[in-house]
Every structure is written in C-alpha cells, then in structure tokens.
Amino acid sequence: MVDKAKERQVNDVATLKALADPVRLAIISALMRSEGEPQTVKELAAALDEPQTKLYRHVKQLEAVGLIAVAGTRLVSGIVESRYVAAQESLRLSREMFSAGSETRTEAVDAVLAAIDLVRDGFRVQVRDGKLDFSAPDDGSAGPPAFVAHFAVRLDPERMVRLRRELGAIFDELAAEERSAAPDAVEVTAFALLYGVPVADAGADRAGGAGTESDAGPTAGAG
C-alpha cells in the first residue's frame with residue numbers, strides 16, 4: 001500500500017520540470033480525483049481522451065520524481081500491467097522558488113503556465129461537449145452555475161494583501177472539503193491567478209484598466 005502524503009511541497013528542479021506539462025498535470029489530477037483507486041495507463045488514457053502510447057513516458061517521468069507511485073501490478077496477456085495512485089493529496093510550489101534570485105524561477109513559472117494550459121484545455125473540452133452552460137442562473141435551479149471573471153484594478157498595498165488572504169482562505173476551505181457522495185454532485189474546477197505590479201512598472205495604460213461585464217457573470221477579482 002502506498003503511503004500518501006497530505007500535501008507535498010515542491011522545491012526541486014526535477015519535480016518542477018515534471019509538473020511543467022499540462023498532460024502530466026492532467027494525469028496527476030485524474031489520480032487525485034480517483035480517491036485512491038489505482039488506475040492503469042489504459043484507464044488514464046480513456047479518462048483523459050489521450051492515446052495510451054502517449055501517456056507512458058509521462059507516467060514514467062511522474063513516477064521518477066515520486067509524484068505518482070505503483071500501487072500494484074498484474075500480468076495481462078504475458079505483459080506486466082502497473083496500476084498507479086497519486087503520492088499526495090495536494091501540491092504546493094515553494095514560494096522561494098519564485099524569488100528574483102532563484103535558480104528555479106524559470107521552471108516554477110513554467111509549472112504555473114502548464115496549469116493555465118490544463119485549465120484552458122479542460123474548459124475547451126467541456127464547452128465542446130456541451131457540458132457547460134453559462135446561461136444557467138446563479139441559484140443553480142437550471143444546472144450548475146458557471147462564473148468567469150477578469151479584472152484589472154489599482155489597489156492600495158494593504159487591500160491587495162487582504163484580497164490575497166481572502167482568496168487563499170476560499171481555496172483552503174475548498175481543499176479541506178470532503179468529496180461529495182451525493183447523486184447530484186458536480187466536479188468543480190476553480191483556478192485563480194492574482195498578482196500586483198507597482199504602478200511605476202506597470203505603465204499608465206495598464207495600471208488602472210476596467211473590468212467588463214458579460215453574460216457569463218459579473219466581473220470581479222483582480223488579475
């Protein structure tokens with residue numbers, strides 16, 4: 001049985017490079033969602049709608065840095081088939097890796113960009129398959145309500161700090177939630193990117209941009 005960590009703090013280049021790919025992130029996400037149920041590469045390929053042969057090298061790279069682990073093997077038609085689980089329930093990138101003098105800064109940013117690509121690709125698939133309805137009312141009476149927002153606003157440093165804490169608290173609360181077993185449960189995807197740039201560096205045209213309204217929901221937050 002694999003001893004799964006509650007959270008893994010990522011602070012090395014090898015693991016960052018493994019995370020800097022949306023396909024590998026999708027594999028980890030799929031295993032984390034499986035609630036400890038081991039998955040074969042064939043099962044992962046079906047879940048991710050990817051060619052099975054494409055996933056083998058990605059799985060091996062994730063296994064090499066300990067992000068996933070073999071939970072068991074079986075012999076299928078004379079071939080050893082491995083079943084994998086995620087080695088942790090959540091991942092957190094070490095803050096120090098993003099500092100200006102960090103030797104791992106490029107790899108850390110690449111891992112964030114891969115996460116953005118993963119969310120974008122997943123969103124495109126759900127829209128393509130007709131599983132998202134941005135016209136649904138906010139009260140959930142006609143299906144799961146969706147929300148999209150983008151905003152650029154000039155804030156005092158103290159307000160920026162409060163906003164960071166407020167968003168962090170929301171995601172910490174979600175991370176602590178038990179997976180729902182309700183028959184009408186929905187898989188929720190949430191992604192946040194918040195950063196502030198000093199006005200002197202941002203430029204007059206970019207520092208105080210206004211948000212826009214859309215049928216998808218009111219614009220809020222900061223980005």
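Whatever comes next refers back to the structure up there.
Below or above, wherever it landed, is the structure these notes cover. The written sequence of each chain sets the order in which its residues are numbered from 1. The predicted nature of this model means local features are confined to residues of pLDDT at least 70 and side-chain atom pairs, given and counted, to a pLDDT of 80 or more, with totals for whole chains, interfaces and linings taken over all residues. The side-chain values count all of the structure's non-hydrogen atoms but skip hydrogen atoms and water molecules.

### Describing the pattern of salt bridges
The following threshold applies: What makes a salt bridge here is a side-chain nitrogen of Lys or Arg within 4 Å of a carboxyl oxygen of Asp or Glu, nothing more.
As enumerated under the stated definition, the model contains 12 salt bridges in all. What emerges from the salt-bridge pattern is a single network uniting Asp117, Arg120, Asp121 and Arg124.

### Observations regarding the packing of helix H2 (residues 22–33) against helix H5 (residues 105–128)
Each packed pair of helices is defined by two parameters, the angle between the axes and the distance between the axes. Here is the rule we go by: Helix axes are fitted to C-alpha atoms over the stretch in contact, other axes to C-alpha atoms as well, and angles between N-to-C directions run from 0 to 180 degrees. Strands are runs of DSSP state E lasting at least 2 residues, helices are runs of H or I lasting at least 4, and numbering of each runs from the N terminus. Here is the rule for angles: anything less than 35 degrees is roughly parallel, anything more than 145 is roughly antiparallel, 65 through 115 is roughly perpendicular, and the remaining ranges are oblique. Every residue pair with non-hydrogen atoms within 4.5 Å of one another is taken to be in contact. Under the scheme applied, nonpolar residues are Ala, Val, Leu, Ile, Met, Phe, Trp, Tyr, Cys and Pro; charged residues are Asp, Glu, Lys and Arg; polar residues are all the others, including Gly.
Direction vectors running N to C along H2 and H5 enclose 70°, while the axes themselves pass 8 Å from each other. For the element pair H2 / H5, the angle class is roughly perpendicular. The segment H2 lies against H5, with Pro22, Leu25, Ala26 and Ser29 engaging Ala111, Ala114, Ala115, Asp117, Leu118 and Asp121. Residues of the contact of H2 with H5, tallied by class, amount to 7 nonpolar, 1 polar and 2 charged.

### Some words on the environment of Leu194
What counts is decided by this rule: Residue burial is assigned from relative accessible area. The probe radius is 1.4 Å, only protein chains are included, and a residue is buried under 20% of its type maximum, exposed over 50%, and partly exposed in between.
Tracing the backbone through its elements, the reader meets Leu194 in the loop between helix H6 (157–176) and helix H7 (199–202). Since its relative accessible area comes to 22%, Leu194 is described here as partly exposed. Residues Leu194 and Leu167, 27 residues apart in the sequence, show an inter-C-alpha distance of 8.9 Å.

### A look at helix H4 (residues 52–64)
Rule in force here: Multiply 1.5 Å by the residue count of a helix minus one, and that product is the helix's expected span. The arc refers to the directions leading from the helix axis to the C-beta atoms.
For H4, built from 13 residues, the straight-helix expectation of 18 Å at 1.5 Å per residue is met to within 8% by its first-to-last C-alpha distance of 19 Å. If you check which residues of H4 are buried, you get Leu55, His58, Val59 and Leu62. Projection of H4 onto a plane perpendicular to its axis shows the buried side chains occupying an angular sector of 110°, all on one side. For H4, the exposed residues lying more than 90 degrees away from the buried face are Thr53, Arg57 and Ala64. In the core, the buried residues of H4 are packed alongside helix H1 (13–19), H2, helix H3 (41–48), strand E2 (68–76) and strand E3 (79–86). Of the residues trailing H4, Gly66 is marked for its positive phi of about 80°.

### Notes on the pairing of E2
What counts here: Two strands form a pair only when DSSP identifies at least two bridges running between them.
Bridge count for E2 against E3 is 8 bridges, and the pairing is antiparallel. When the sheet's bridge partners are listed, Arg74 is paired in E3 with Glu81. Hairpin connection between E2 and E3: a loop of 2 residues separates the two successive antiparallel strands, and Ser77 in this loop has a positive phi of roughly 55°.

### A word on H5
If you check H5, its first and last C-alpha atoms are 35 Å apart, about what 24 residues at 1.5 Å a residue would give, namely 34 Å. Trailing H5 by a residue or two, Gly130 shows a phi angle of about 70°, which is positive.

### Brief notes about a nonpolar patch on the surface
Cut-off, in case you're wondering: Residues forming no salt bridge and having over 30% relative accessible area are the ones grouped into patches, like charges within 9 Å of each other and nonpolar side chains (Val, Leu, Ile, Met, Phe, Trp, Tyr) within 5 Å. The Shrake-Rupley method, run with a 1.4 Å probe, gives the accessible areas here. Residue values count only the displayed protein chains as cover.
Taken together, the side chains of Phe191, Leu193, Tyr195 and Val197 make up a nonpolar region of the molecular surface, amounting to roughly 380 Å² of accessible area. Its place among the elements puts Tyr195 in the loop between H6 and H7. A relative accessible area of 48% places Tyr195 in the partly exposed class.

### Topic: the environment of Ala69
Relative to the helices and strands, Ala69 is located in strand E2. Here the alpha-carbon distance between Ala69 and Lys4, two residues 65 residues apart in the chain, equals 9.3 Å. Contacts of Ala69, omitting those with residues within four sequence positions, involve Val2, Arg83, Tyr84 and Val85.

### What to know about the environment of Tyr84
Here Tyr84 is to be found in strand E3. For Tyr84 and Glu63, which are 21 residues apart along the polypeptide, the C-alpha to C-alpha distance reads 8.9 Å. With near-sequence residues (within four places) excluded, Tyr84 lies in contact with Leu31, Glu37, Pro38, Gln39, Val41, Val59, Lys60, Glu63, Ile68, Ala69, Val70 and Ala71.

### Some words on the side chain of Glu107
Counted only if it meets this: His is not counted here, nor are the chain ends, while Lys and Arg score as positive and Asp and Glu score as negative.
Take Glu107: it is sitting in helix H5. An unpaired buried charge is present at Glu107: no salt bridge exists, and Lys17, the closest side chain of opposite charge, is 4.7 Å distant. Those residues in contact with Glu107 that lie beyond four places of it in its chain are Val13, Leu16 and Lys17.

### Things to note about the packing of H3 against H4
Worth spelling out the cut-off: Each crossing gets its handedness from the near helix: less than a right angle anticlockwise from the far helix is left-handed, clockwise is right-handed.
Running from N to C, H3 and H4 cross one another at 115°; their axes reach a closest spacing of 9 Å. Regarding the angle of H3 to H4, the classification is roughly perpendicular. Read as a crossing pair, H3 and H4 show a hand that is right-handed. Facing Val41, Lys42, Leu44, Ala45 and Leu48 of H3, the residues of H4 in contact are Gln52, Leu55, Tyr56 and Val59. Here the residues of the contact of H3 with H4 sort into 7 nonpolar, 1 polar and 1 charged.

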